Amino acid sequence: MAASASTTINFSTEPSHTSLSWKSHLSSSSAFDVAAVSPIRSHRQYPRFVIFAMRDKPTVLVAEKLGEAGVNLLKEFADVDCSYNLTPEELCTKISLCDALIVRSGTKVSREVFESSGGRLKVVGRAGVGIDNVDLAAATEHGCLVVNAPTANTVAAAEHGIALLTAMARNIAQADASVKAGKWLRNKYVGVSLVGKTLAVMGFGKVGSEVARRAKGLGMHVIAHDPYAPADRARAIGVELVSFDEAIASADFISLHMPLTPATNKILNDETFAKMKKGVRIVNVARGGVIDEDALVRALDAGIVAQAALDVFTVEPPKDSKLVQHENVTATPHLGASTKEAQEGVAIEIAEAVVGALNGELAATAVNAPMVPAEVLSELKPYVALAEKLGRLAVQLVAGGSGVKSVKVTYGSARAPDDLDTRLLRAMITKGLIEPISSSFVNLVNADFTAKQRGLRIAEERSLLNGSPESPLEFIQVQISSVDSKFASALSDSGEIRVEGRVKDGIPHLTKVGSFEVDVSLEGSIILCRQVDQPGMIGKVGSILSEENVNVSFMSVGRIAPRKHAIMAIGVDEEPTKESLKRIGEISAVEEFVYLKI
């Protein structure tokens with residue numbers, strides 16, 4: 001066996017009873033213990049990737065103007081509330097009635113918004129690229145997926161950057177205002193050529209690389225700085241990657257395309273302006289906060305910066321801004337994505353991402369969930385339901401009062417240990433372990449955080465099997481240690497609650513309980529009975545259930561040896577009554593049993 005623990009997070013909680021159980025001590029005095037059954041959220045039979053417990057028709061709040069095509073797409077799936085210009089207080093009031101929220105850059109989705117949602121908000125869609133107006137940490141803690149639309153407005157933003165670059169170089173805005181004022185100042189508005197000049201692209205992502213392509217077409221020498229940009233992509237465009245200091249020191253023009261983060265906040269300041277070539281020209285179509293605006297005014301006044309063309313500002317709209325009023329500044333009102341084509345494209349892209357997320361899909365544009373490759377998602381899809389159901393079964397076997405602190409998950413596979421991505425499976429096991437015994441809602445976004453918050457320690461191991469690696473998994477085994485079990489037969493020889501399952505023909509099956517081999521489809525709910533192996537037991541139990549009109553979907557018996565102890569696993573479509581469960585427990589050969597909701 002090859003083993004490696006990839007998660008070590010501790011969980012300690014007192015699980016409430018979530019099942020009905022009864023145990024016979026082979027005496028005439030038997031007890032029938034009926035515990036309160038906690039409601040369990042309904043799910044699709046075979047969950048998809050990020051699983052949300054949705055109402056019949058979700059509600060989507062669109063808090064900023066969205067293209068008509070995107071709104072129409074949303075309306076096919078959800079009730080859509082288009083409410084613009086909400087105050088923070090109004091947003092917090094509305095959000096508790098919404099399953100998804102779509103914003104642009106003007107709405108702050110703060111921690112208070114997530115707290116006010118009461119757990120109902122499951123998706124925040126940012127219609128655009130930047131997500132600095134969304135509190136990602138709070139979103140993750142509350143299990144809310146954040147998606148953006150990073151591709152539809154890429155060309156529009158790049159085109160606007162180039163438009164500002166050329167307009168600034170040729171004094172287009174100032175000359176236009178002068179002519180309209182009745183003046184003809186040809187000598188005052190002599191510009192500079194772009195050919196042969198060095199452009200430093202600061203941030204070589206989607207927009208930055210598109211700006212670089214277009215600037216190369218204008219005959220500019222383009223360099224770029226981005227600590228995460230792959231060198232081969234830069235070489236393919238004909239761009240040289242350089243350090244931050246080298247970029248700003250050698251550039252004639254600087255075009256900003258970096259996100260606003262703590263590291264980039266006011267990254268252009270008095271100190272960095274002092275390192276620039278005198279007469280540099282700056283374009284910003286990224287985020288206003290990356291420039292210290294007061295420092296830029298000083299640099300303009302000193303002639304360090306000859307001109308600036310700005311589409312974004314620290315506060316939008318800017319008020320009484322010396323920067324905007326400066327004669328060497330060209331300003332536009334955040335028009336980077338404002339083309340008809342881009343607006344429609346962004347609207348469709350974000351609407352598709354939000355609808356997909358509400359449907360349980362892990363969006364390719366998710367920004368606060370682990371990025372699981374599409375081929376891995378597709379391959380693991382049949383095992384997602386198995387993982388959650390095994391977690392649910394295991395935790396329901398824990399006797400009331402036992403604090404669950406340590407769980408071990410073993411994945412049986414013929415693949416090499418580094419050829420199996422288990423993050424999604426771990427999240428679903430965590431979901432199954434936590435949701436039945438708490439009010440928490442768990443998904444791929446917040447699984448690790450929720451487990452850590454509750455003190456749950458999950459250790460993952462790989463059991464390397466002989467065989468074909470075509471299938472990613474042969475089995476998943478879940479063990480809970482240092483707890484009492486309400487069904488003693490679920491304990492392994494070493495004393496842990498143990499359940500194991502496999503996927504057969506695309507359907508999850510329970511294949512082992514404790515040391516007993518069983519084979520029952522994990523659909524509906526399950527009754528587990530430990531009994532003396534003797535003829536007629538299946539008929540007796542089946543007869544009791546049929547009298548109560550409870551349909552048996554599957555039945556399996558695992559035994560140690562003929563006429564010895566056996567475990568009977570019975571899948572049922574309906575919940576048996578307390579009376580019918582009591583009658584099963586009164587069968588003389590039944591030593592213990594437990595009813596488990598899946």
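Residues numbered from 1 in each chain as written. Predicted model: local features only at pLDDT ≥ 70, side-chain atom pairs only at ≥ 80, totals over all residues. Heavy atoms only, no water.

(A) Up close: the overall build of the protein. Scanning the protein from N- to C-terminus turns up 18 helices and 24 strands. Within the protein, buried positions represent 54% of all 598 residues. For the protein, the proportion of contacts with a sequence separation of at least 24, taken over those separated by at least 6, is 69%. (Helix = DSSP H or I, 4+ residues; strand = E, 2+ residues; numbered from the N terminus. Buried < 20%, exposed > 50% of the residue type's maximum accessible area, 1.4 Å probe, protein only. Contact = heavy atoms within 4.5 Å.)

(B) Representation of the sheet that holds strand E20 (residues 516–521) within the structure. Strands sit in the order E16-E15-E17-E18-E19-E20 across an open sheet of six strands; the sheet is mixed. Across the chains shown, the open sheet's two edge strands, defined by having one partner strand only, are strand E16 (457–464) and E20. Adjacent strand axes in the sheet meet at a mean angle of 20°, parallel and antiparallel pairs treated alike. Examined bridge by bridge, strand E19 (residues 507–513) and E20 share four bridges and lie antiparallel to one another. Across the sheet, the residue bridging to Lys512 is Glu517, located in E20. The strands touched by helix H15 (residues 423–434) are strand E15 (406–413), E16 and strand E17 (475–481); relative to E15, the strand with the most contacts, the crossing angle is about 140°. (Pairing = 2+ DSSP bridges. Axes fitted to C-alpha atoms, helices over the stretch in contact; angles between N-to-C directions.)

(C) Inspection of the packing of helix H1 (residues 68–75) against helix H13 (residues 340–358) at higher detail. Where H1 meets H13, the axes come as close as 7 Å, and the angle between the chain directions of the two elements is 20°. Classified by the angle between their axes, H1 and H13 sit roughly parallel to one another. Classified by chirality, the crossing of H13 by H1 is right-handed. Between H1 and H13, the contacting residues are Glu68, Ala69, Gly70, Leu73 and Leu74 on the first element and Glu344, Ala347, Ile348, Ala351, Glu352, Val354 and Val355 on the second. Of the residues assigned to the contact of H1 with H13, the class counts are eight nonpolar, one polar and three charged. (Parallel < 35°, antiparallel > 145°, perpendicular 65-115°, else oblique. Left-handed = near helix turned anticlockwise from the far one by under 90°. Nonpolar A, V, L, I, M, F, W, Y, C, P; charged D, E, K, R; others polar.)

(D) How the structure looks around the pattern of salt bridges. Counted by the stated rule, this structure contains 25 salt bridges. The shortest N-O distance in the salt bridge between Arg111 and Glu141 comes to 2.9 Å. Of the two residues, Arg111 is situated in helix H3 (residues 111–116) and Glu141 in helix H4 (residues 136–141); the sequence distance between them amounts to 30 residues. Across the salt bridge formed by Asp252 and Lys277, the nearest N and O atoms sit 3.0 Å from each other. Linking Asp252 in the loop between helix H9 (244–250) and strand E11 (253–256) with Lys277 in the loop between helix H10 (270–274) and strand E12 (280–284), this pair joins segments that are 25 residues apart in sequence. For Asp252, a relative accessible area of 18% puts it in the buried group. (Salt bridge = Lys/Arg side-chain N within 4 Å of Asp/Glu carboxyl O.)

(E) Representation of the environment of Gln453 in the model. Tracing the sequence through the fold places Gln453 in helix H16 (residues 447–453). Taking the C-alpha atoms as reference points, Gln453 and Glu141, 312 residues apart in sequence, are found 9.5 Å from one another.

(F) Representation of helix H7 (residues 206–217). An ideal rise of 1.5 Å per residue puts 16 Å on 12 residues; H7 measures up with 17 Å between its terminal C-alpha atoms. Summarising the contacts, the buried residues of H7 are in contact with helix H5 (154–169), strand E8 (198–202), strand E9 (221–225), helix H8 (231–237) and E11. Just downstream of H7 lies Gly219, where phi reads positive at about 85°. (Expected span 1.5 Å × (residues − 1).)

(G) Broad picture of the side chain of Glu435. With respect to the element layout, Glu435 can be found in the loop between H15 and H16. Looking at Glu435, the relative accessible area reads 5%, which means it is buried. At a separation of 3.1 Å, a polar atom in the side chain of Glu435 contacts the side chain of Arg392. (Polar contact = N/O pair within 3.5 Å; in protein donor to acceptor, adjacent residues only side chain to side chain.)

(H) Fine view of the environment of Leu491. Its place among the elements puts Leu491 in the loop between E17 and strand E18 (497–504). A relative accessible area of 28% means that Leu491 is categorised as partly exposed. A C-alpha to C-alpha distance of 9.5 Å links Leu491 and Leu397, two positions 94 residues apart in sequence. Setting aside residues no more than four positions away along its own chain, Leu491 makes contact with Ser485, Glu496, Ile497, Gly514 and Ser515.

(I) Molecular detail of the side chain of Asp226. Structurally, the position occupied by Asp226 is in the loop between E9 and H8. For Asp226, which is buried and forms no salt bridge, the nearest opposite charge comes from Arg233, at a distance of 5.9 Å. Among the polar contacts made by the side chain of Asp226, one reaches the main-chain amide nitrogen of Phe204 at a distance of 2.8 Å. Excluding anything up to four places from it in sequence, Asp226 contacts Gly203, Phe204 and Gly205. (Lys, Arg positive; Asp, Glu negative; His and termini not counted.)

(J) Expanded view of the environment of Thr577. The topology assignment puts Thr577 in the loop between strand E23 (565–572) and helix H18 (578–585). Its relative accessible area of 35% is what places Thr577 among the partly exposed residues. Residues Thr577 and Leu545, 32 residues apart in the sequence, show an inter-C-alpha distance of 9.2 Å.

(K) Summary view of the sheet that holds strand E14 (residues 329–331). Spatial ordering of the open sheet is given by E10-E9-E8-E11-E12-E13-E14, a layout of seven strands whose pairing is parallel. In this open sheet, the two strands that pair with only one neighbour each are strand E10 (240–241) and E14. Sitting on the sheet, H7 touches E8, E9 and E11, and the angle it makes with E8 is about 170°. Contacts between helix H11 (residues 293–302) and the sheet are confined to strand E13 (305–310) and E14, with E13 contributing the most and set at about 140° to the helix.

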